[in-house]
Every structure is written in C-alpha cells, then in structure tokens.
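Descriptive structure summary
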Amino acid sequence: MSIRDNWRVLLLVVFLVASTFAIFAPGVGGGGEGGGADSFVAENDGPTNLQYGLELSGGTRIRAPVDGQTAYEVEVSEGERPGEVEQRVAGNVSGADAADVTARLSPNGTTVELTVGNVSQEEFGSGLEAAGYEYDRIEDGVTDETRETIVRILRDKISQAGLSGGQVQEVTTADGNNFVVIEMPNANQTEVESLVTERGQVEVVAVFPEEDNGSEYSRDPVLQQGDFNSIGQATDSPEQGPHVPLVLNDESADNFSSAMREHGFTREGVQSCRYENESTEDPGYCLYTVVDGETVYAAGMGADLARSFENGDFEQQPSFIMQTENMSEARELQIHLNAGSLPASLNMDDGTSYFLAPSLAEEFKLYSLITGIIAALAVTVAVFLRYGDPKVAAPMLVTALSEVVILLGFAAAIQLPLDLSHIAGFIAVIGTGVDDLVIIADEVMAEGEVHSSRVFRSRFRKAFWVIGAAAATTIIAMSPLAVLSLGDLQGFAIVTILGVLVGVLVTRPAYGDILRALLTSK
Amino acid sequence: MVAFEVPEVDYTKYTNRQLAAVPLAVLALALLILAGWYVTTGAPVALGTEFTGGTELRVQTATPSDELSDQFDAEVVSISPVQTADDTYIVTFGPDAENVGDQARNNLQPVEGQSEDDMVKSVQGTSASFGQNTQRLALYGLGVAFAGMSVLVFLMFRTFVPSIAVVISAFSDIVIPLALMNVLGIDLSLGTVAALLMLIGYSVDSDILLNNHILRRSGDFYESTYRAMQTGVTMTVTSLSAMAVMALVAYVFGIDLLASIGIVLVMGLAADLMNTYMLNLSLLRWYKYEGVAQ
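My aim in this report is to walk through the structure given alongside it, one point at a time. Computed from a predicted model, the values in this text were never measured in an experiment.

Residues and elements named next belong to chain A. Scanning the model with the defined rule gives 17 salt bridges over all chains in all. For the salt bridge of D144 with R147, the shortest nitrogen-to-oxygen distance reads 2.6 Å. With D144 and R147 both in helix α5 (residues 144–160) and three residues apart, this pair spans about one turn of that helix. Looking at R147, the relative accessible area reads 5%, which means it is buried. Residues joined in a network through salt bridges with shared partners are E55, R61 and E183.

Rendered as structure tokens:
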C-alpha cells in the first residue's frame, strides 16, 4: 500500500479535511469579518460557517426593473450643458420636471433618460423632437450609470434603515433585461417595497397667497436635498411632534431666509397655516414637506423662527426641523434625506417579490436537513439490499456523503447563501453519485474475482468511460440554467454541476481505490 | 435478508415491434394529453404563478377557509389548506393583486396566542410580464439543454440508431412526467423544470450504460444486456427510492419545492426504466441484428 497507489484516497481525505475546516472553523470564509462595505451576507448565528439564503432564513426579496426609458445618440449642439438639455426636454414632456430627466453628454453618444412613469415611448420621442433634439432610438430601461447609482443609493438606504444583512445587486438576464435584486433578511415586504418604489425626493415648498391677488397661490420650492449641512436623528418631542432636525448650509440658509421675508412669511404669514388636506382651498402661509410630489406635512411659521429671519439670527444658526405625522414617516424622511433620492424608482409591475416568515424558514431549514438525511438512508437501504456486502456498500455511502460534505465546504468557503434549491441539488448529487459508484462496483466485480491491480485498473477504466460520458451530459444539460438567472433553477444547476465535477475528479476515483484495496487484499 | 435481485428478462420471447409498442404507445398517449391540454387551456401544461404571474400567500389564521376570499380586494384564484400545518392555507391570486400581505395582516383573525405579524408565512408575487419572461427563459433553457445533450450523445456514439435511441428515450422521459403532472394536478414551476432537467442527466446515464455494454463490449447480445440491466436497474431503483422518500418526507413537512422535484423525478425515473429496457433495447437489437447487416 504505497502512497503512489492511493493518492486518490489521500486527495479525497485532503478535500474532506479542508471542507470540514471551512464549514466549522470559526472565522473561515469571512464569517468572522463581516460588516465591511462590500459584504452583504446574511448574519451568521449557527455553529457552522454556512450562509443561508432567504428560503432558509426568512426575509424579503424583490426583483424588478428600473422604471424609465432612454433615448440613445441624442444630437446636442456644442456647448450645451446637461442641465439645459434636461430643462428643455422636461418642458416638452407632460408630467415631467427637470429632476425626472437625466442627460449624459459624451463623445460616444449622448443619452437622455426619462424616469417618470406612465409616459409612452412615442410621447417621450415627440417631447425630444419638440425640444429640438434628434435621436437614434428609445429603449425601455436606464443606462448602466444610472443603474449603478440606484444600486449604491439603495444599499445606503437599506443600511440607513437599520436592516442588517441587506443585499442589493444588479442582474442581467440572458435576453438582455436588467433587474435590480434586493434581498433583506428579517424585513417584511411592505417596508422594502416602499423603500425601493419611492424615489425619496424630499423638498420643502413654501405656499403662500400672491400679494396683488389674494385668491391665487404661489408655490416656491425653498429647500431641497443637498441644502443641508447635517441631518439629525428622527425624534418625537412633546412640543414639536415627530420630526427630523436639520442644519442648513450657509448658502441655502441665506436663500431660505430671504425667500421667507420676501413671501411675507415673517409678517402676515406668522402662524397662519390652515392646511388640513390636499383639497384645502385657502391654506394661508404654509411650509409643505413634500416627498415624491406628495405633501406629507404642512407647518405654519412659528413666531420665534419668523423673528430670527427678520433679525438675521437664522443665518447665524440655521437649524430647521421637518415635521411629520408619525414616527415611521419621520424615520423614512431621515433615510431619504441621508441617502439621497433615487434617480428612478423600481417598477414593481414588471417584477417579482418574495417574502418568507423567519419562523417558517426555520422549519424549512430543519425539515430539509431531515429530508436529506432520510433520502440518504433510502439510498443506503437500496444499496445494501442489492449487494448484501458491506465491503462494497459501506464505502459507497461514505463516498457519496463525502461529496455532499465537500460541496458544503465549498459553499461555506465562497459564502454561497444556501436555499431550498441547493438542498434539492445536494440530494440530486447523492443520487447521481451513487449511480456512478454502482457502475464502478458492478464493472469491477463483473468477471469473477479481482486478483491483481492490473485487472482492476483495466476494468476501472472501462467503468470510467460510462461515468465520464454521463457526467458530461449532465453538465451540458445543466449549464444553460447555471448562467440564465432563473432564480430557483440557478442554484440547483450550479450545485449539480459542481457535484458532478467533484464526483468525477475526486470522490469516484477514490472509491475505486478503496474498493480495490478491499477486494485485492486477500 | 431480503436481497433485491435484478430479474433476468427473456427478451427472445418478444419481437422488436412488441417491445417498442408499449413505450411508444405510452409516449403517444402522453403527447395526446399535452396536445389536448394545449387545445383546451392554451398551454401544454398547467403553469404555476411563477410563469403566469400572480401572488401566492401562505397564511395561518383562525378565519375559516370559506370566508377567506372575502377578506381580500383582489380576486382569489384558489385556496388550498396545507395538510401538515394547522389552520394554514395557500391562497393564490391573479397577477393584479396588490398588498395582499397587508390585507391579510389587517383583515384576518390570528390563531390564539399568535401575533398579527406572524400570520403571514410567505408571500410570493410575480408580475405577468415577468412571468412571461421567465416562461420564455425556462423554455429556452430546456431546449438548449436537450439540444446540447443530443449533440453530445451523437458525438459519443457516432452512429445514428444508438444515438437516436438515447435521444428518443430522454425525450419520452421528459414528456411522460409532464403529461402525468397535468393528470395529477401539479403545476409547472421552476422547481419542476429543474427536476425535468435533472431527468435528462439521470435518463441518459442508464441509456449510455446499455449502449456501451452492447456496442463496445465483446460477448453475446443478451449477456451484455443482462449485465447492463443489473447495473442500470440498480442505479435507477436507488435513485428512485431516494426521490420517492424525498417526495414523501417533503410533502409531509410541507416543503413544496422539494416535494414537487421528488414527484417529477419518481415519475421520470419510472418512465426511464420502461423506455431504456423496452424502447432503447429494441432499437439496439434491431440495429445489431438487422440495421448493421443491411
């Protein structure tokens, strides 16, 4: 029994030890160093380093395209700035303002994106033409740059929301559709959906009666995202109710203060906001907190604040509060202010959502483990009934199970979040694994006793032709699914392919060696 | 000890026609079912919400099942109780349903001792257009996988009859479970598509083994067949028992994905036993004794 003859068994042992280490050793595979900016893996609380996906840990997954359309190769005259283009296009598309249009000038082709919903491609096209821009084509979706920005802001929003372990990714399907996938352990669907489908554009709009004509009202957006030096924690105080405290930067403090003085908020407008709801006809002097075009709160000018605008104290200490109806709105407002607004929202009408309660996920985790073990036992029983010889059957099971251990070790090492589809893949691997071992065993024992290693080797090689051929077909059959992003199918295909590879390259040759040692040692 | 032995079948008693007739008749029947389904419903198989769009809600509630559908704004397509969990139902909605999770939390009665948040066990929503997309991708994946397998088989054997025999039995191995799914009322989901693909791998295993023994080994046709059968039947029966147990246990535990993968594989593997040792075998015997001679 030299090392040279048994190197395959040794290789298997090495793989098994490495896998066991990857699964159980603390701190391996990033389990102990999580929390970095790029690590968005589910929190690890079990005795192993295995990561679990949503189906086994619970949480919400949303997969949706970005709501928007893009005109490519737009002809823009030289010297024109993106801001001007955006203004002109927005002016010619009904329901759009400059914030809904993004122009990117580049020598390789200028793009103009429109990220407001329910505008048809024709309407957008005629809007562009009316604004005097020729273009090559309009396609649904947004540019890569915009999508990257969206992913970055969403990550920010999720971490602001205190939802740990959230994950945001871009996915491109085989037919060229782009999706953003958000996975959030321990969060419910509504929470996540409102985060991703709302742009989160926050502004403060001053609404006041016009001086010469009291029945006409003016709206002036006085504060926007980016006008603030610091954004405080959402708090609930007895005097002010739920609110987010803010400090304005110098320039916006000046502008805000002079706008307040000009519009009459500091004189006749003090404490004269009569806003009740959207249909209030004569609201007086109000400061609206507007999120995505919707008024969430209307506040009147306090006497103290009005005085500080008049005597210039405000510019010295430009602190301001945005009030809301309730605490959850205040928290959401804080997230929007901190993370910035999304250039476009996600379109849930073309997407999927998935929510699984953590309690059910826990059940799934335990039950699928039991299911796997029982399936392995069924294989054991079948093999023992067939061969009646523990010398053949026992190593068969050990090898088949070690394939699963190696795969689990691999999953732990690369931090693959395990889902039900992977478990199904593991069970399928036990199935194909044992199939191949049956081929080896039958072939080796086919023509009477095995006396020498030479006879053994020639028979083993014959068996291997069939195994190799079968493995190749399985890999070919599974590979389209491993690359198509089809949710459940992808995990299953990847595990099966890996299992077949590990089997053919490591475990099944090792089984051959073990069998030879057992059969020729007489 | 009850040992399981692979029985030796006396193939000389049957003609090739007789042998091939049974699996071909079953295949024809399966195709007929699929065609009939296509004519009546517009799709060859019953598609799950992942492909058609819609929302599947799993709730545990004290509200009786016949009052469930009144609690939601959207139209309820179906309500089925989960066998293994008390007061738990899977409620399916059409593609237009919105916020069913919230409606469930607000309108349904929690079971005693349960918080309102805990009623909703899972919500899985797919929009119609996304479902369409998934449907196309899955079909495309299945097609590419099958074509890739066929090309590989032809490259390995380099002769027409044995190769086409493998491809036909793999095709039949997929079509028969598909038809049976319609009969048993199992919807096509991503999980069952995965199982159908796995069948390509499993079914080709035993076909390749049989072809290899008959074409590449010396020895009598029937002797080679018997040896291939001993190995091949053991393989298939082992997998079959693993999958049957998996389907049963997963069904009891209520893990639908694993249960449907298991059931489809059991049906496919059973079909494979028939196809390999009747259809494929008769084609090989014809090829060996008559096809080559011509």
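What follows deals with α5 of chain A. Residue and element names in this part refer to chain A. Spanning 17 residues, α5 covers 24 Å between terminal C-alpha atoms, matching the ideal 24 Å at 1.5 Å per step. T146, R147, I150, V151, I153, L154, K157 and I158 are the residues of α5 that are buried. Where α5 is buried, its residues touch β4 (101–104), β5 (110–114), β7 (167–172), β8 (178–185), α6 (189–197) and α10 (327–339).

What follows covers the sheet that holds strand β3 (residues 88–93) of chain B. In space, the eight strands of this open sheet follow the order β7(A)-β8(A)-β2(A)-β17(A)-β4(B)-β1(B)-β3(B)-β2(B), with antiparallel pairing throughout. The strands lining the two open edges of the sheet, one partner per strand, are β7 of chain A together with β2 (76–81) of chain B. The sheet shows a mean angle of 10° between the axes of neighbouring strands, direction not considered. As paired elements, strand β2 (residues 59–64) of chain A and β8 of chain A share six bridges and run antiparallel to each other. Looking at β8 of chain A, one finds that I62 of chain A is bridged to I182 of chain A. Across the sheet, α6 of chain A touches β2, β8 and β17 (352–356) of chain A together with β4 (120–126) of chain B, and the angle it forms with β2 of chain A is around 35°. On top of the sheet, helix α11 (residues 358–387) of chain A reaches β17 of chain A together with β1 (54–60) and β4 of chain B; it is set at about 80° to β17 of chain A, its chief contact.

Right, let's talk about the packing of helix α4 (residues 128–157) of chain B against helix α6 (residues 190–216) of chain B for a bit. Residue and element names in this part refer to chain B. Relative orientation of the contacting elements α4 and α6 amounts to 10°, with a least axis distance of 11 Å. The pairing of α4 with α6 is recorded here as roughly parallel in orientation. Of α6, the residues touching α4 (which contributes T134, L142, A145, F146, M149, V153, M156 and F157) are L190, V193, L197, I200, V204, I208, N211, N212, L215 and R216. Of the residues contributing to the contact of α4 with α6, the split by class is 14 nonpolar, three polar and one charged.

Residue and element names in this part refer to chain A. Taken together, the side chains of W7, L11 and F15 define a hydrophobic patch exposed on the protein surface, amounting to about 270 Å² of accessible area. Along the polypeptide, L11 turns up in helix α1 (residues 7–24). Of the residues examined, L11 reaches a relative accessible area of 31% and is grouped as partly exposed.

This part is about the state of the cysteines. Residue and element names in this part refer to chain A. This model, assessed by the stated rule, comprises one disulfide over all chains. Between C273 and C286 runs a disulfide, and the two sulfur atoms are separated by 2.0 Å. The sign of the S-S torsion, about 100°, decides the handedness of the disulfide formed by C273 and C286: right-handed. On the criterion of sequence distance, the pair formed by C273 in the loop between α7 (250–262) and β14 (286–291) and C286 in strand β14 is long-range, its members being 13 residues apart. For C273, a relative accessible area of 24% puts it in the partly exposed group.

Now for the pairing of β17 of chain A. Residue and element names in this part refer to chain A. A large share of β17 lies buried, amounting to five of its five residues. Here β17 shows no split at all, with T352, Y354 and L356 on one side and S353 and F355 on the other all buried. Summarising the sheet, β2 and β17 pair through five bridges and their orientation is antiparallel. Within β17, the residue paired with T60 across the bridge is F355.

A few words on the environment of E122 of chain A. Along the chain, E122 of chain A falls in helix α4 (residues 121–130). Along the chain, E122 of chain A and G425 of chain A lie 303 residues apart, while their C-alpha atoms are 47 Å from each other.

Turning next to α6 of chain A. All buried positions along α6 of chain A are accounted for by Q189, V192, L195 and V196 of chain A. What you see down the axis of α6 of chain A is that its buried residues fit within an arc of 135°, all on one side.

Here the focus is unusual backbone geometry. Peptide bonds are mostly trans, and most non-glycine residues show a negative phi. Residue and element names in this part refer to chain A. The residue Q271 is not glycine, and still its phi comes out positive at about 50°. With respect to the secondary-structure elements, Q271 resides in the loop between α7 and β14. Classification of Q271 as exposed rests on a relative accessible area of 61%. Despite not being glycine, Q415 has its phi angle at roughly 60°, a positive value. Tracing the sequence through the fold places Q415 in the loop between α12 (390–413) and β18 (417–418).

The rules behind these values
Residues numbered from 1 in each chain as written. Chains lettered and ligands numbered in written order. Predicted model: local features only at pLDDT ≥ 70, side-chain atom pairs only at ≥ 80, totals over all residues. Heavy atoms only, no water. Salt bridge = Lys/Arg side-chain N within 4 Å of Asp/Glu carboxyl O. Helix = DSSP H or I, 4+ residues; strand = E, 2+ residues; numbered from the N terminus. Buried < 20%, exposed > 50% of the residue type's maximum accessible area, 1.4 Å probe, protein only. Expected span 1.5 Å × (residues − 1). Contact = heavy atoms within 4.5 Å. Pairing = 2+ DSSP bridges. Axes fitted to C-alpha atoms, helices over the stretch in contact; angles between N-to-C directions. Parallel < 35°, antiparallel > 145°, perpendicular 65-115°, else oblique. Nonpolar A, V, L, I, M, F, W, Y, C, P; charged D, E, K, R; others polar. Patch = residues over 30% accessible without salt bridge, like charges linked within 9 Å, V, L, I, M, F, W, Y side chains within 5 Å. Areas by Shrake-Rupley, 256 points an atom, 1.4 Å probe, with all protein chains shown as cover. Disulfide = S-S within 2.5 Å. Arc of directions from axis to C-beta.

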